[in-house]
Amino acid sequence: MTAAELLERLVGFPTVSRESNLELIGFVEAYLDELGVEHWRIESDDGGRTNLLARIGPEVEGGVVLSGHTDVVPVTGQPWSTDPFALVDKGDGKLYGRGTCDMKGFIACALAEVPDWTKRDLRAPITLALSYDEEIGCLGAPRMIDRLMADHPRPAAVIVGEPTLMQPVVAHKGATNLRTTVTGRASHSSQIDQGVSAIHVAARLVTKIEDVMAELRAEGRIDEAFNVAHSSLHVGKIAGGTAINIMARECTFEWEIRHLPKDRFEDLLGRVNDYAAELEAEMQRRAPEAGIVTEALNVTVPALADDNNTEVLALCRELLGEQPSGAVAYATEAGQFQRVGLPTVICGPGSIRQAHQPDEYIEIEQLAAGTRFMQVLGRRLASR
């Protein structure tokens with residue numbers, strides 16, 4: 001099967017995060033079984049989703065891991081002009097469908113070359129590492145990486161195939177999602193001194209979150225390799241109150257911290273928490289039951305640092321030709337691989353500009369470029 005044919009099959013599985021990806025994984029397993037490729041599942045706690053590891057080549061140290069996530073973001077509320085879970089070729093050089101660029105295109109390119117790889121006498125293995133629930137905090141990959149490190153020979157390099165237009169990316173920010181709940185005291189809005197408005201306090205804390213970014217810029221905590229050159233803090237959702245004439249007892253907002261590799265998430269959160277403690281003390285002088293609680297919604301996705309990547313970057317340039325490396329603001333599973341000591345870069349077909357959009361697409365030429373990359377990788381690892 002060609003990469004386009006495989007992509008059509010993969011897009012047809014509606015593997016929205018937190019929904020099952022078992023049908024897609026079953027299809028990949030059947031495909032690998034026909035080729036005699038050994039593979040292993042690493043399931044979620046509830047068994048409804050699973051990672052998959054597959055090794056082509058000898059069971060020896062070295063070799064390359066090709067990592068991709070099988071989940072996609074939702075399409076609800078987006079104005080798609082076609083069925084998002086059916087691959088559509090409009091004759092304009094693009095293939096449309098949810099996940100085409102993010103990132104089933106990369107997976108399709110790899111799978112298309114497995115038949116060729118199995119026929120070669122590889123000196124070191126090519127390992128496919130397919131994960132679940134990446135889009136909601138890189139939830140599936142850690143247990144897959146643990147299994148890779150515990151039960152398989154140590155790989156020499158990891159390539160995470162997020163869409164980079166086939167240019168190597170050597171750094172990305174870390175990411176943490178958070179929820180803050182402010183509890184005040186309700187009262188009639190005409191009796192303003194009797195209550196504590198959770199909404200008013202939350203508004204002050206939201207403003208502080210934005211102010212922290214200004215502090216970072218003023219302190220020179222900048223990395224110009226990123227298009228947003230500082231760590232960013234952003235509030236995306238807020239809800240509170242019951243009526244216009246009731247002082248709100250509760251207000252909740254959800255926010256994120258995307259930190260540069262050289263910044264520590266704990267330090268940035270600490271700046272916000274210090275101010276929250278001041279606000280809480282002020283609230284409790286009027287209402288002892290009041291409080292502010294912040295909880296993490298995911299384990300921090302570690303940043304990818306431009307470090308320990310000389311050999312894998314050289315491999316990418318050998319496969320692609322001389323290419324400039326870069327940094328991206330979004331988070332990926334690459335930092336999780338790097339955290340256990342594996343040299344890691346990001347490189348895959350398609351553009352991040354199309355990811356998560358209605359009428360998401362991958363250019364056919366990008367799919368061809370990804371296929372060429374996989375072909376050269378096979379020749380590079382074959383015995384000479």
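Going by the structure above, here's the rest.
Rules and cut-offs
- Residues numbered from 1 in each chain as written.
- Predicted model: local features only at pLDDT ≥ 70, side-chain atom pairs only at ≥ 80, totals over all residues.
- Heavy atoms only, no water.
- Pairing = 2+ DSSP bridges.
- Helix = DSSP H or I, 4+ residues; strand = E, 2+ residues; numbered from the N terminus.
- Contact = heavy atoms within 4.5 Å.
- Axes fitted to C-alpha atoms, helices over the stretch in contact; angles between N-to-C directions.
- Salt bridge = Lys/Arg side-chain N within 4 Å of Asp/Glu carboxyl O.
- Buried < 20%, exposed > 50% of the residue type's maximum accessible area, 1.4 Å probe, protein only.
- Arc of directions from axis to C-beta.

A. Here's a closer look at the sheet that holds strand S4 (residues 88-89). Pairing in this open sheet of three strands is antiparallel, and the strands run S4-S5-S15 from one edge to the other. On the outer flanks of this sheet lie S4 and strand S15 (361-363), each paired with one strand and no other. Where strand S5 (residues 94-96) lies against S15, three bridges are found, and the strand directions are antiparallel. Note that in S15 the partner of Leu95 across the bridge is Ile362. Along the sheet face, helix H9 (residues 364-381) touches S4, S5 and S15 and points at about 65° away from the line of S15.

B. Summary view of the pattern of salt bridges. The tally for this structure, following the rule as stated, stands at 22 salt bridges. Among the ionic pairs, Glu29 bridges to Arg41, the shortest N-O distance being 2.8 Å. One end of the pair, Glu29, is in helix H2 (residues 22-34); the other, Arg41, is in strand S1 (residues 38-43), and 12 residues separate them in sequence. A residue is classified by how much of its surface remains accessible, and Arg41, at 32% relative accessible area, is partly exposed.

C. Representation of the sheet that holds strand S12 (residues 291-296) in the model. If you trace the four strands from one edge of the open sheet to the other, you get S10-S11-S9-S12, paired in antiparallel fashion. At either end of the open sheet lies a strand with only one pairing partner, and these are strand S10 (232-240) and S12. Direction aside, neighbouring strands of the sheet carry axes that sit 20° apart on average. Strand direction decides the pairing type here: strand S9 (residues 174-183) and strand S11 (residues 250-259), joined by 10 bridges, are antiparallel.

D. Highlighting helix H1 (residues 3-11). All of the buried residues along H1 are Ala3, Leu6, Leu7, Leu10 and Val11. Down the axis of H1, the sector holding all buried residues measures 130°, keeping them to one side. Where H1 is buried, its residues meet H2, S5, helix H3 (100-119), S15 and H9.

E. Up close: the pairing of strand S6 (residues 126-131). By the criterion of burial, S6 is predominantly enclosed, with six of the six residues buried. Taking every second residue as pointing to the same face, both faces of S6 are buried, with Ile126, Leu128 and Leu130 on one and Thr127, Ala129 and Ser131 on the other. Alignment of strand S2 (residues 50-56) against S6, held across five bridges, turns out to be antiparallel. Bridge pairing in S6 links Leu53 to Ala129. Judged from the six bridges that link them, strand S3 (residues 64-69) and S6 form a sheet pairing that is parallel. Following the sheet pairing, Val65 is matched in S6 by Thr127.

F. Structural context of unusual backbone geometry. In this structure, Met103 follows Asp102 across a cis peptide bond, with omega equal to -10°. Relative to the assigned elements, Met103 resides in helix H3. Not every positive phi belongs to a glycine, and His356 is a case in point at roughly 70°. Examined against the element boundaries, His356 turns out to sit in the loop between strand S14 (344-346) and S15. On the basis of relative accessible area, His356 is assigned to the partly exposed category, the value being 36%.

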